[in-house]
Amino acid sequence: MVFDADEDILQDFIVEAGEILEKLSEQLVDLEQNPDDGELLNAIFRGFHTVKGGAGFLQLDALVNCCHSAENVFDTLRNHKREVDSELMDTVLEALDHTNAMFEQVRHREELTPAPDELIAALDALALPHGAAEQADAEPRPREEEPAASDETNGDITDEEFEQLLDALHGDGPVTGPATGAAETPSEETSGGASDEITDDEFEALLDELHGKGKFTAEPAAGTPDKDSDNADEQITDDEFENLLDELHGKGKSPTPAESEKETVTPPPPEPARQKSPKAPGAPTRESAPVAETTVRVDTRRLDDIMNMVGELVLVRNRLQRLGSESENEHMHKAVSNLDVVTTDLQAAVMQTRMQPIKKVFGRFPRVVRDLARNMKKEVTLVMHGEDTDLDKNLVEALSDPLVHLVRNSVDHGIESPEVREQKGKPRKGTVTLSAEQEGDHILLSIDDDGAGMDPEVLRQKAVAKGLYDQEAADRLTDNECFNLIFAAGFSTKEQVSDVSGRGVGMDVVKTKISQLNGQLSVVSAQGKGSRIIIKVPLTLAIMPTLMVMLGGQSFALPLVNVVEIFHLDLTRTNIVDGRECIVVRDKVYPLFHVKRWLVQGAAAEEETHNGHVVIVAMGTHQVGFVVDELIGQEEVVIKPLGQALQGTPGMAGATITGDGRIALIIDVPSLLQHYS
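Residues numbered from 1 in each chain as written. Predicted model: local features only at pLDDT ≥ 70, side-chain atom pairs only at ≥ 80, totals over all residues. Heavy atoms only, no water.

**A look at the overall build of the protein chain**
So, step 1. In terms of regular secondary structure, the protein chain is built from 23 helices and 18 strands.
So, step 2. Of all 677 residues assigned to the protein chain, the portion counted as buried reaches 47%.
So, step 3. Within the protein chain, contacts between residues separated by at least 24 positions form 70% of all contacts whose residues are at least 6 apart in sequence.
So, step 4. Accessible surface computed for the protein chain: about 34,100 Å², of which carbon and sulfur atoms make up 49%. (Helix = DSSP H or I, 4+ residues; strand = E, 2+ residues; numbered from the N terminus. Buried < 20%, exposed > 50% of the residue type's maximum accessible area, 1.4 Å probe, protein only. Contact = heavy atoms within 4.5 Å. Areas by Shrake-Rupley, 256 points an atom, 1.4 Å probe, with all protein chains shown as cover.)

So, in C-alpha cells, the structure goes:
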C-alpha cells in the first residue's frame with residue numbers, strides 16, 4: 001500500500017474512484033432490470049477497470065484483485081458467453097460492497113481488508129463461459145503467453161513490452177507479429193534502452209509497417225485513409241492498436257474488440273508499471289490538444305469560512321438598511337440599495353458553491369430497494385424524479401439516513417407480496433416513487449408507494465393500547481392525525497411501522513432528525529391505494545429567513561418555514577377545550593399558547609392586554625397559535641450557536657444579531673412545544 005505517494009495522485013484516485021463506485025451501485029441494479037443492455041455492460045466493465053487501474057498504480061493489491069475478478073465477469077457477459085441472473089448479481093453486488101469497504105479504508109489511510117477468497121473464487125467461476133466451470137477446474141489456467149487464456153489477455157502494455165515493440169520496429173530484435181521490417185529512423189533511437197516515449201516519425205513508421213505488409217487481419221474502421229507509407233496524418237484506431245499488442249504477445253489472430261480490452265493482472269503483488277498508464281505511450285492522437293482545467297478542488301472548511309463571512313456581511317447589510325431607512329440622505333439610500341444587491345448576489349453565489357445534487361443521496365436507493373425486495377420475496381420497482389435538484393451539502397449528508405429508513409419502511413410495510421397484490425387486482429410488481437423538487441427557498445421530498453396504505457382505525461387502537469391517548473381523545477383524531485401517530489416516540493406496530501432494518505431506528509428518530517434540520521414531515525395515506533411521506537427542508541442551514549417578533553421587550557426569531565399565517569386577535573374571544581385555551585379561525589380550532597410566559601422571566605405576573613398578534617405555526621400536520629406582543633417583520637438571519645452557558649436551552653435553536661444591532665434568540669418550534677406544552 002502506497003499512502004506515502006504523491007498526495008495529489010491519491011486525492012485524484014479518491015475523487016474519481018468515489019464517483020465511479022457511486023454510479024456502479026445504481027448501474028448494477030439497472031442491469032438486473034435490463035440484462036441485454038450492451039452499453040450498460042460496457043459502462044460497468046469500464047468502471048471496475050478504471051478503479052482497478054488507479055488502485056494498481058497505488059499498489060493496493062487487495063482492491064486490484066477484487067476489481068479484476070469483477071471486471072472479468074462483465075467481460076464474459078458482454079461477450080454473450082453468460083447471461084445475467086439474480087444469483088450472479090448477488091455475487092457481484094457483494095463484491096461491490098467489499099470494494100466500497102476497501103475504498104473507505106483507502107480514504108481513511110487504513111490497511112485494506114481483502115475480499116474473502118470464497119468471493120473471489122465465485123467471481124472467477126462466473127467469469128468462465130456458461131457450463132465451462134468444471135472444465136476450468138480440471139485444467140490449470142494458462143499464463144498470458146498461451147493464446148488459450150482469452151480471459152487474461154491484456155489491454156495495457158508494460159514499459160518492457162513497448163521497448164520490445166520499438167526494437168522490432170527498428171530491426172534490433174525478432175517479433176512474432178507482422179511488424180517485422182526496419183523503419184528509416186535515426187540510429188540512436190534503435191537501442192534496447194531507448195526512451196519510453198515514441199516520436200511522431202517512429203509512430204508513423206509503425207503505422208506504415210502495420211498497413212504496408214498485408215498481414216493485418218482486422219478490418220479497418222470506417223473512414224480509415226488509404227494505407228500509404230507517405231500518409232503523414234494517418235492515425236491508428238484503438239482496435240488496431242490492441243491488435244498490434246496481441247501480435248506482440250504471439251497472437252496469430254485478430255482479437256475481437258471485447259477481447260482486446262481485457263487486462264492481465266499477474267498474481268499479487270501487481271506490477272505498478274502496468275497500472276501507471278491506461279494506454280501505451282504514444283497512443284494518443286497528435287491533434288488532441290490539452291483541455292484547460294475548469295474546476296478546482298477546495299477544502300470544504302474554506303467554503304464554510306467563506307459562508308460565515310458572507311453571513312457577517314448579511315448582518316452588516318441588515319444593520320445599514322435599518323440605519324438607511326432612518327436617514328433622509330438620498331445618496332445614503334442609493335449606497336445601501338447597491339450594497340443590498342451585491343450582498344444578495346454574493347450570498348447566492350457562495351451558497352451555490354456549497355450546493356450538491358440530491359442524486360448523491362438518491363444513488364444508493366436502487367440497491368436498498370433491490371436487496372430488501374429480494375430478501376422479502378417482493379417485486380418492487382423504484383422510480384426517481386428530480387435527481388438534479390440542488391441543496392446544501394450539509395443537508396445532503398444529513399438527509400441520507402432518514403430517507404433510507406423511510407424508503408425501506410415503504411418497501412417493507414407499504415408494498416404487499418406479489419400474491420396479495422394479484423388478489424387485490426393490482427400488478428404483481430409494486431412501485432416506490434422518490435421525488436425531489438425546489439419550492440422557493442425550500443426543497444420538497446416525497447416517498448410514495450402504491451401499497452396497502454394505512455388504516456386510521458388500527459392506528460387509533462394502537463395509540464390507546466400504548467397509552468398515548470384515551471379512547472375519547474383517540475376517537476376525535478382526524479385520519480391525518482392518525483397517520484402522523486407513526487412518528488410518536490415509542491409508537492410501533494409490526495403491521496404498519498415495525499423497524500425495517502433491525503437497528504433500533506424508529507420513525508420518531510426520523511422526525512427528530514428532520515426537525516433538527518428545520519424541516520417538516522407529514523404523511524397522507526389511502527387504504528388499499530398507498531401512502532405518501534412528505535419532507536420539507538430549507539435549501540441551506542447557514543442563512544435562515546425568519547419572522548422577527550417581540551416578547552416582553554425582547555426580540556425572537558421564528559423560522560419562516562414554520563409560519564402559516566398571522567392575524568390580530570381579541571384575546572377575550574377564546575375557548576377552553578380539554579383544559580386548553582383555543583381559538584376558532586374559519587371553522588378550524590387551534591390550540592393557543594402565550595409563549596412569553598415560557599420565555600420571558602416575570603411575564604406571567606404582568607397584566608396582559610385584551611388584544612394581541614397570533615402567529616399560526618406548523619409542525620408536520622399539527623398547527624398551533626403563538627401569541628406575541630409585536631410583529632417586527634421578515635428578516636434573513638445568520639444562525640450562531642449559543643454560548644456554553646445557554647447550550648441545551650429548551651426551545652432555542654441558536655441566536656443572531658438583528659438589523660438594529662440587538663441579539664435575538666431563534667425559536668425551535670418543535671422543541672419549544674415538546675418541553676413546555
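**Here we look at empty space enclosed by the protein**
So, step 1. Taken as a whole, this structure holds seven cavities of 30 Å³ or more when the rule is applied.
So, step 2. Within this model, the second largest cavity holds a volume of roughly 90 Å³.
So, step 3. If you go around the second largest cavity, you meet 13 residues; those closest to its centre are Asn-518, Pro-538, Met-544, Pro-545 and Val-561.
So, step 4. Looking at the lining of the second largest cavity, the element that brings in the most residues is strand E8 (residues 543-551), giving three residues.
So, step 5. A class-by-class count of the residues in the lining of the second largest cavity yields ten nonpolar, three polar and no charged. (1 Å grid on protein atoms, 1.4 Å probe; cavity = no way out; pocket = protein on both sides within 12 Å on 5 of 7 lines; lining within 4 Å. Points joined across faces, edges and corners; volume = space filled by probe spheres on them. Nonpolar A, V, L, I, M, F, W, Y, C, P; charged D, E, K, R; others polar.)

**A closer look at the nonpolar core**
So, step 1. Membership of the largest hydrophobic core comes to 55 residues, with the highest contact counts inside it found for Phe-362, Phe-365, Leu-403, Leu-445 and Ile-535.
So, step 2. Among the elements that line this core, the one with the most residues is helix H16 (residues 393-414), at nine residues.
So, step 3. If we ignore the near neighbours within four places in the chain, the residues touching Phe-362 are Met-384, His-385, Glu-387, Leu-403, Leu-434, Ser-435, Ala-436 and Leu-445. (Core = buried A, V, L, I, M, F, W, Y, C linked by side-chain atoms within 4.5 Å.)

**Thoughts on the packing of helix H15 (residues 365-375) against H16**
So, step 1. In the contact formed by H15 and H16, the axes pass within 10 Å of each other and the chain directions differ by 35°. When you trace H15 past H16, the crossing you get is right-handed. In contact with Phe-365, Val-368, Val-369, Leu-372 and Ala-373 of H15, H16 contributes Leu-403, Val-404, Val-407, Arg-408, Val-411 and Asp-412.
So, step 2. Each residue belonging to the contact of H15 with H16 can be placed in one class, and the counts come to nine nonpolar, no polar and two charged. (Axes fitted to C-alpha atoms, helices over the stretch in contact; angles between N-to-C directions. Left-handed = near helix turned anticlockwise from the far one by under 90°.)

**What about the packing of helix H1 (residues 7-33) against H15?**
So, step 1. Interhelical geometry of H1 versus H15 gives an angle of 45° and a closest axis separation of 8 Å. Relative to H15, the element H1 lies oblique. Of the two elements, H1 crosses H15, and the hand of that crossing is left-handed. On H15, the residues that touch Ser-25, Glu-26, Val-29 and Glu-32 of H1 are Pro-366, Arg-367 and Arg-370.
So, step 2. By residue class, the composition of the contact of H1 with H15 is two nonpolar, one polar and four charged. (Parallel < 35°, antiparallel > 145°, perpendicular 65-115°, else oblique.)

**Quick look at the confidence of the model for the protein chain**
So, step 1. The pLDDT averaged across the protein chain works out to 75; a share of 71% of its residues lies at or above 70.
So, step 2. Per-element confidence in the protein chain ranges from a low mean pLDDT of 40 for helix H11 (residues 272-276) to a high of 92 for helix H17 (residues 418-423).
So, step 3. For residues 141-155, every residue scores under 50 in pLDDT, and the model assigns this stretch 41 contacts once sequence neighbours within four places are set aside. (pLDDT = per-residue confidence, 0-100.)

**Description of the side chain of Asp-449**
So, step 1. As for its position among the elements, Asp-449 is in strand E5 (residues 442-449).
So, step 2. Within polar-contact distance, the side chain of Asp-449 engages the backbone nitrogen of Gly-451 at 2.9 Å. (Polar contact = N/O pair within 3.5 Å; in protein donor to acceptor, adjacent residues only side chain to side chain.)

**Structural notes on the sheet that holds strand E11 (residues 575-577)**
So, step 1. Pairing is mixed in the open sheet, where six strands are placed in the order E10-E14-E15-E13-E12-E11. Edge positions in the sheet fall to strand E10 (563-570) and E11, since each of these pairs with one other strand and no more. Here the strands of the sheet are splayed against their neighbours by 40° on average, with no regard to which way each runs.
So, step 2. The sheet contact formed by E10 and strand E14 (residues 611-619) spans seven bridges and is antiparallel. By the bridge assignment for E14, His-568 is matched with His-613. (Pairing = 2+ DSSP bridges.)

**Remarks on the packing of aromatic side chains**
So, step 1. Applying the stated criterion across every chain, the model contains four aromatic pairs.
So, step 2. Ring centres 6.3 Å apart and planes at 65° place the aromatic pair Phe-13 and Phe-103 in the edge-to-face group. Pair noted here: Phe-13 is in helix H1 and Phe-103 is in helix H4 (residues 86-107), with a separation of 90 residues, a long-range link.
So, step 3. Phe-13 gets classed as buried once you look at its relative accessible area, which sits at 7%.
So, step 4. Measuring from ring centre to ring centre gives 5.4 Å for Phe-593 and Trp-598, while their planes differ by 45°; the resulting arrangement is tilted.
So, step 5. According to the relative accessible area criterion, Phe-593 is buried, its value standing at 8%. (Phe/Tyr/Trp six-rings, centres within 6.5 Å; stacked < 30°, edge-to-face > 60°.)

**Considerations on the environment of Ile-663**
So, step 1. Its place among the elements puts Ile-663 in strand E18 (residues 663-667).
So, step 2. Those residues in contact with Ile-663 that lie beyond four places of it in its chain are Ser-555, Ala-655 and Thr-656.

**Describing the pattern of salt bridges**
So, step 1. For the structure on display, the rule yields 31 salt bridges.
So, step 2. For Glu-330, the salt bridge is made with Lys-334, and the minimal N-O distance between the two is 3.7 Å. Here the residue Glu-330 and the residue Lys-334 both occupy positions in helix H13 (residues 330-353), the gap between them amounting to four residues, near one helical turn.
So, step 3. Since its relative accessible area comes to 54%, Glu-330 is described here as exposed.
So, step 4. A salt bridge links Glu-379 to Arg-428; the nearest nitrogen and oxygen atoms lie 3.3 Å apart. Of the two residues, Glu-379 sits in the loop between H15 and strand E2 (380-385) while Arg-428 sits in the loop between H17 and strand E4 (430-439), which places them 49 residues apart along the sequence.
So, step 5. For Arg-428, a relative accessible area of 31% translates into the label partly exposed. (Salt bridge = Lys/Arg side-chain N within 4 Å of Asp/Glu carboxyl O.)

**Digging into the pairing of strand E15 (residues 622-628)**
So, step 1. Counting buried residues in E15 gives five out of seven residues, a clear majority hidden from the surface.
So, step 2. Relative to E15, strand E13 (residues 588-593) runs parallel, the two sharing two bridges. Counterpart to Leu-592 in the pairing with E15 is Gly-625.
So, step 3. Judged from the seven bridges that link them, E14 and E15 form a sheet pairing that is antiparallel. Counterpart to Val-614 in the pairing with E15 is Val-627.

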